[in-house]
Amino acid sequence: MSTTNRILLCDNVWKVYGPDADTFLSTREQPPSPEDLAAAGLLAAVRGVSLSISQGEIFVIMGLSGSGKSTLLRCMTRLVEPTAGSILLGGTNLLNATERQLMQIRREKMGMVFQNYALMPHLSALENVAFPLKVQGMKRAAREARAQQMLDLVGLGGRGRHYPHELSGGQQQRVGIARSLTLEPDIWFLDEPFSALDPLVRREMQDEFLRLQTLLRKTIVFVTHDFAEAVRLADRIAIMREGAVVQVATPEALVLAPADPYVSAFTRDIPRAQVVTARSAMDLGPDAAGSAGVAAAARVIDIAERVLAAEGPVAVLAEDGGVLGALSREAVIRLLLAQPHTRPAPVQ
Amino acid sequence: MTAVELRSEPESRGDAVRGAGAARLPALALLAVAVLLCLLPQFGVEMPPALAAIPDRFILPWRQWAGEALTYVAKDSHIGPVMVSEITRGIAGVILQPMLLLQGLVSKGLTVGGVELPPLPWPSVMLASALLGLRFGSVRLALLTGGALLYAALFGLWDATMLTLASVLVSVAFGVLLGTWLGILAFRHPRVDRALQPLYDVMQTVPIFAYLVPILYLFGFGPVGAMMATVIYAMPPMARVTTLALRGVPASIGEAAAMAGCTRGQVMRLALLPSALPKMMIGVNQVLMLSLTMVIIASVIGADGLGAVVLKALQSLKIGRGLEAGLAIVLVAIALDRLGQAIAERRPQHRDAAGSRRWALAFAVALVLPCLLAPMIPALANWPADWSVSTASWWDARIAQMNLAFAGPLRELKTFAFLWLLRPTKLFFLAVPWIGAVTLVAALGLLLGGWRLALSCGLMMLFVAGCGFWEPAQLSLYLIAISVALALLIGMPLGLACAASPRFNAGMRVVLDTIQTLPSFVYLIPVIMLLGSGDFPALIAIVVYAVTPAVRFTADALRHVPGEIVEAARMSGASRWQNFGWVKVPLARPGLLLAVNQTVMMAFGMLVITALIGTKGLESDTLISLSKADPGRGIIAGAAMAFLAIIIDRLLRAAAGGQAARP
Ligand SMILES: Nc1ncnc2c1ncn2[C@@H]1O[C@H](COP(=O)(O)OP(=O)(O)OP(=O)(O)O)[C@@H](O)[C@H]1O
Ligand SMILES: [Mg+2]
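The shown structure was predicted, so the numbers you read here are calculated from the model rather than taken from an experiment.

Asker: When you look at helix α3 (residues 69–77) of chain A in this model, what are you seeing that I'm missing?
Answerer: All names here are of chain A. Most of α3 is tucked away: eight of the nine residues are buried. Those residues of α3 that fall on the buried side of the exposure criterion are Lys69, Thr71, Leu72, Leu73, Arg74, Cys75, Met76 and Thr77. Of the residues trailing α3, Arg78 is marked for its positive phi of about 60°.

Asker: Where do I start with the nonpolar core in this structure?
Answerer: Proteins that are soluble and globular tend to have nonpolar side chains buried together. Membership of the largest hydrophobic core comes to 216 residues, with the highest contact counts inside it found for Leu8(A), Met76(A), Phe131(A), Phe189(A) and Val221(A). Here this core gets 18 residues from one element, more than from any other, and that element is helix α14 (residues 264–297) of chain B. Filtering out sequence-adjacent residues up to four positions away, Val221(A) remains in contact with Leu8(A), Ile53(A), Phe59(A), Ile61(A), Leu73(A), Met76(A), Ile187(A), Trp188(A), Phe189(A) and Leu190(A). If you look at the next biggest cluster of nonpolar residues, it comprises 63 residues, including Met150(A), Leu212(A), Ala281(A) and Ala298(A).

Asker: Whenever I open this one, the sheet that holds strand β11 (residues 283–284) of chain A confuses me. Can you help?
Answerer: Sheet strands associate in pairs through backbone hydrogen bonding, adopting either a parallel or an antiparallel arrangement. One open sheet holds the four strands; their spatial order is β11-β14-β13-β12 (chain A), and the pairing between them is mixed. Among the strands making up the open sheet, the edge pair consists of β11 and β12 (294–295) of chain A.

Asker: Is there a simple way to think about the packing of helix α20 (residues 434–448) of chain B against helix α21 (residues 451–466) of chain B in this case?
Answerer: Any two packed helices are characterised by how steeply their axes cross, that is the angle between the axes, and by the distance between the axes. All names here are of chain B. At a closest axis distance of 7 Å, the pairing of α20 and α21 adopts a crossing angle of 160°. The pairing of α20 with α21 is recorded here as roughly antiparallel in orientation. Where α20 crosses over α21, the two elements pack in a sense that is right-handed. On α21, the residues touching Trp434, Ala437, Val438, Val441, Ala442, Gly445 and Leu446 of α20 are Trp451, Leu453, Ala454, Cys457, Gly458, Met461, Leu462 and Ala465. Looking at the contact of α20 with α21 residue by residue, the class counts come to 13 nonpolar, two polar and no charged.

Asker: Would you mind showing me how to read the side chain of Glu619(B) here?
Answerer: All names here are of chain B. Assignment of secondary structure puts Glu619 in helix α29 (residues 618–628). Of the side chains with opposite charge, Lys616 lies nearest to the buried Glu619, which makes no salt bridge, at 8.8 Å. Apart from residues no more than four positions distant in its own chain, Glu619 is found in contact with Phe209, Ser476, Leu607, Val608, Thr610, Ala611 and Met641.

Asker: Would you take a moment to explain the site of ligand 1 for this structure?
Answerer: Residue and element names in this part refer to chain A. Around ligand 1 sit Tyr17, Leu43, Ala45, Leu64, Ser65, Gly66, Ser67, Gly68, Lys69, Ser70, Thr71 and Glu192, and that is every residue in its neighbourhood. In this structure, an oxygen atom belonging to ligand 1 sits 2.8 Å away from a main-chain N or O atom of Gly66. The separation between an oxygen atom of ligand 1 and a polar side-chain atom of Glu192 is 3.1 Å. About the coverage of ligand 1: the protein hides 59% of its 640 Å² of free accessible area. Contributions of two or more residues to the shell around ligand 1 are made by β2 (43–54) and α3. For the shell around ligand 1, the leading source of residues is α3, giving three residues. Split by residue class, the shell around ligand 1 holds four nonpolar, six polar and two charged.

Asker: Would you mind going over the domain arrangement of chain B with me for this structure?
Answerer: Frequently, the measure chosen for interface size is the accessible area removed from exposure when the parts meet. Residues and elements named next belong to chain B. Under the domain assignment, chain B is made up of domain 1 (159–346) and domain 2 (408–431 + 470–661). The straight-line distance from the C-alpha centre of domain 1 to that of domain 2 is 25 Å. Counting from both sides, the interface comprises 35 residues of domain 1 and, opposite them, 30 residues of domain 2. Summed over both sides, the interface of domain 1 with domain 2 buries roughly 2,600 Å², with 87% coming from carbon and sulfur.

Asker: Is there a simple way to think about a nonpolar patch on the surface in this case?
Answerer: All names here are of chain B. A cluster of nonpolar side chains, Leu361, Val365, Leu367, Val368, Leu369, Leu372, Leu373, Met376 and Ile377, forms an exposed patch at the surface whose accessible area comes to about 800 Å². Residue placement: Leu361 occurs in helix α17 (residues 352–373). When its relative accessible area of 57% is taken as the criterion, Leu361 is described as exposed.

Asker: Looking at this structure, how should I read the UniProt feature "domain: ABC transmembrane type-1" (unreviewed entry) in chain B?
Answerer: Residue and element names in this part refer to chain B. In the numbering adopted here, UniProt assigns the feature "domain: ABC transmembrane type-1" (unreviewed entry) to residues 157–340 and 473–652. The distance from the first to the last C-alpha atom of residues 157–340 is 23 Å, and the span holds 86% helix and 0% strand. The span residues 473–652 is 87% helix and 0% strand, and its two end C-alpha atoms sit 20 Å from each other.

Asker: I would appreciate a short explanation of the side chain of Ser124(A) in the present structure.
Answerer: Residues and elements named next belong to chain A. Here Ser124 is to be found in the loop between β6 (110–113) and α5 (125–135). Relative accessible area serves as the criterion here: at 2%, Ser124 is assigned to the buried category. Sequence-distant contacts of Ser124, defined by excluding residues within four places in its chain, comprise Gly160, Arg161, His162 and Tyr163.

Asker: How do you make sense of the interface of chain B and chain A when you look at a structure like this?
Answerer: At the junction of the two partners, chain B supplies 22 residues and chain A supplies 29 residues. When chain B packs against chain A, close to 2,200 Å² is buried across both sides, 66% of that on carbon and sulfur atoms. Connecting chain B to chain A are one salt bridge. Between Glu255(B) and Arg74(A) there is a salt bridge, with its nearest N and O atoms 2.8 Å apart. Element by element, the count of residues in the side of chain B that touches chain A is highest for helix α13 (residues 251–259) of chain B, at seven residues. Across the side of chain B that touches chain A, the residue classes tally to 12 nonpolar, seven polar and three charged.

Asker: What is the right way to read the environment of Gly104(B) from this model?
Answerer: Residue and element names in this part refer to chain B. Secondary-structure assignment places Gly104 in helix α5 (residues 84–108). For Gly104, a relative accessible area of 3% corresponds to the buried category. If we ignore the near neighbours within four places in the chain, the residues touching Gly104 are Gly109, Leu110 and Pro119.

Asker: How do you make sense of the packing of aromatic side chains when you look at a structure like this?
Answerer: The description of an aromatic ring pair rests on the distance of the ring centres and on the angle between the ring planes. Residue and element names in this part refer to chain A. Evaluation of the coordinates by the stated rule reveals 15 aromatic pairs over all chains. Seen from their ring centres, Phe194 and Phe209 are 6.3 Å apart, and the 75° between their planes marks the pair as edge-to-face. On the criterion of sequence distance, the pair formed by Phe194 in the loop between β7 (187–191) and α8 (199–216) and Phe209 in helix α8 is long-range, its members being 15 residues apart. The class of Phe194 is buried, set by a relative accessible area of 0%. Between the aromatic rings of Tyr262 and Phe266, the centroid separation amounts to 5.3 Å while the plane-to-plane angle is 85°, which identifies the pairing as edge-to-face. Separated by four residues within a single helix, Tyr262 and Phe266 lie in helix α11 (residues 261–267), roughly one turn from each other. On the basis of relative accessibility, which here comes to 14%, the residue Phe266 falls in the buried class. Here the aromatic cluster, defined as three or more aromatic residues joined through ring pairs, consists of Trp188, Phe194, Phe209 and Phe222. Sitting over the ring of Tyr262, Arg241 keeps its end group 4.8 Å from the ring centre.

Each value, and the rule that gives it
Residues numbered from 1 in each chain as written. Chains lettered and ligands numbered in written order. Predicted model: local features only at pLDDT ≥ 70, side-chain atom pairs only at ≥ 80, totals over all residues. Heavy atoms only, no water. Buried < 20%, exposed > 50% of the residue type's maximum accessible area, 1.4 Å probe, protein only. Helix = DSSP H or I, 4+ residues; strand = E, 2+ residues; numbered from the N terminus. Core = buried A, V, L, I, M, F, W, Y, C linked by side-chain atoms within 4.5 Å. Contact = heavy atoms within 4.5 Å. Pairing = 2+ DSSP bridges. Axes fitted to C-alpha atoms, helices over the stretch in contact; angles between N-to-C directions. Parallel < 35°, antiparallel > 145°, perpendicular 65-115°, else oblique. Left-handed = near helix turned anticlockwise from the far one by under 90°. Nonpolar A, V, L, I, M, F, W, Y, C, P; charged D, E, K, R; others polar. Lys, Arg positive; Asp, Glu negative; His and termini not counted. Salt bridge = Lys/Arg side-chain N within 4 Å of Asp/Glu carboxyl O. Near = heavy atom within 4 Å. Polar contact = N/O pair within 3.5 Å; in protein donor to acceptor, adjacent residues only side chain to side chain. Areas by Shrake-Rupley, 256 points an atom, 1.4 Å probe, with all protein chains shown as cover. Domains from an automatic or database assignment. Buried area = accessible area lost by both parts, 1.4 Å probe. Patch = residues over 30% accessible without salt bridge, like charges linked within 9 Å, V, L, I, M, F, W, Y side chains within 5 Å. UniProt positions renumbered as here; feature names shortened; annotations may be inferred. Phe/Tyr/Trp six-rings, centres within 6.5 Å; stacked < 30°, edge-to-face > 60°. Lys NZ or Arg CZ within 6 Å of the ring centre and 35° of its normal.

Here's what the structure looks like:
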């Protein structure tokens, strides 16, 4: 990731709950350990998190329940006031913003989707989507026209007059997504948006989400505790544990080089072929002449069929079209058959 | 064998609830001393007079102080340069305007810019309320709301009913506004919440008449004073429900609003409040019913309306007329309650959008059409006198007949109750020495809750003993004691039957729901009709009123005993009665104690009003203070009564395990 187009920067962000948390933290020179905090009757939901998120990437935050994912996400939007640290959004420090500035930033730059949909029960789907515009005082006809567009975008065009309790969970979340996009935010925050849905609908919503992203190209911060979901969606994943970020890496790097047993425990159940790219699985050497190659960044699962159907090894191409190496049928079969919970045989 | 095992478990649990094994012995010893002190006079032992009743020279002039303090606040005090009396009269003025407007609209007529407008014709109001019922409920509800008003018109009670409804609506509006505001405040600032909760507790136990005294002094006698009293009396449930409802809104709704760019005020106004509204409607319904109760009672201080009709009829012994007006109150109460519930239970439907314009049109037609036709058809403007009926004389005849037929047995019953129940209990209570009562309350407090409870209850009892109203206090307590005992004796078996049989329960619920919506005042009518006035009719009225919570809470308590435990007991070979006595009752103990508590509180609520039929306790002092313009007397007697209620409430709650939920 290049450093030039970073849009959101968290620097040493803390969120400590408990009496006099501010003074406790500011009087310390060393960052306090969890034991110190517990002794003072405090709880650190977020501990010294530093992250940088680039323009247009899907950044996923993962961790067990209670590891501080939601709190970190809410610090980034200042729905929760961080105890210490700084959060830069496109150059301005969010934590110095006044109430009014913050309101303006949220209107112009941020959108958010919630786990339990958070639709207003007294408003119809259309009115819910139009809500952010109503707050700004836009006229009814104008805002409802815009809201109707958003509903069409998420495939709920015909249900605008329905109330939330008249919609299924998946439909409600579509409304939530439409609402969060009404103001065309630069950054899109999603807090476990699909966790409350059953597996089939969840899958469908993930597809929908990816479809929207190819259309809209937002910068996305996405919280989930489902690693399979993270792998499907993420460019990069941050793994959290007890408030701290343990590792930030691509899905592939997490699987191939987990920083510690906690991380590898997460990645254990993921089929290797789903995360490993052609670049990692290929053999070096240009013995794959002839056939049309596969992209180096492609995941093995997506290209397996082509490789298996080919006569011999398939060329792996860099973005500029240069041949990097060759992917053999054996390598692909090994990855496909790899037991998820064993480490894959070293690919060479 | 099994029986023994079964028994030991709940008992040890009981001990844990009472807590503190070490503190128990001294508490029990103190209790023994207290009981002995209370009983000594019964065995003919002469107490030193100073211990039996606090001598006059030790009684502080509370009454005078309270009177002077109130007079000072009402007449001479000021906040900064502004007199308090100006502020209160100002508030009164603000409230008066909408009330006059509404009263003018439905009953008295309005003068706008020199033009006199007649009040809304009766078909407008009747049709509109039937439409309301249809809109939010069903045809049945429409028949109920329209029918209640038809009854009022038919029996010549139209104007009185309209005045009552106008007062109720205006006080509901103010009560809901005030309650919502306080509820939001408590939601935002937990400290405010902690300060307000105990205040609401006290407000709900202070006798109604004691309320009226200071409020009338501050806001002036007349309709506005009555209105203020109503608002203050009916507001606490709204405030409580608002705070609870706001807390119940998922945090993410507020967050979603904030992310949409709402200001703090917008988050509350556009997101939190509307989301909490369905739950808040429960509070609105309670305010509605409490307001009706109070508006009726306010007839005692001269407010117009149905209450006044009943009161006048009863005072001149026109029982039939009183009965007719009473029935109108009953119908209005039930109709308002059901309509309120129907509105509260509604959820928005997407089909509504198209229909709502048609409804608005229907309402407009219902309201306007009769207005247009009324100038041509006088029968529409005023309900023609020859359409009215009255059953008053028929009732009077029936009652006279009944009194004649039952005079003998009734007199015997009265005499019997007086000789064997009322008189002995009364004498017993009057003989209890103050030192015994204070010690008893403190000992129970120590036993059930610890020294803090003992101290607070003991001090409150000391105030009751030393405020100059000891004898009236005992007269109040004796009526409470008998009526609660009787109400429990009747109510608990019924509650038991409800818990045992779902079918009986279903039938009983309808009866209870209906009875509970009736303003307490209504209960006096049949009692006076059949029994006249005095302690015995008062007793009957209190019992009838207080039986409802006894049934309901007993049934609830027994129903909430986990089924598995009962099955386990049955599997260990416990018989039906063993199962009941050793398993269900001990497990349901906290709930049953709450049932007792609710019964006592309802009994106090009714006792207050029995002052109107000539009881002699604290309640009569608060009532008399109204007519004698002796505010000190009303305030102190009211405070004493509130303290008695609070003492019993605290002790029973402590016995039930302290944290048990408030109903
Ligand atoms: N308002 C609060 N006061 C005190 N502690 C809090 C508060 N909010 C969160 N916490 C604590 O902070 C920790 C992190 O909570 P958070 O909601 O961020 O976890 P999470 O990773 O989102 O979990 P989940 O997957 O269950 O949503 C938890 O231990 C939680 O108890
Ligand atoms: Mg969370």
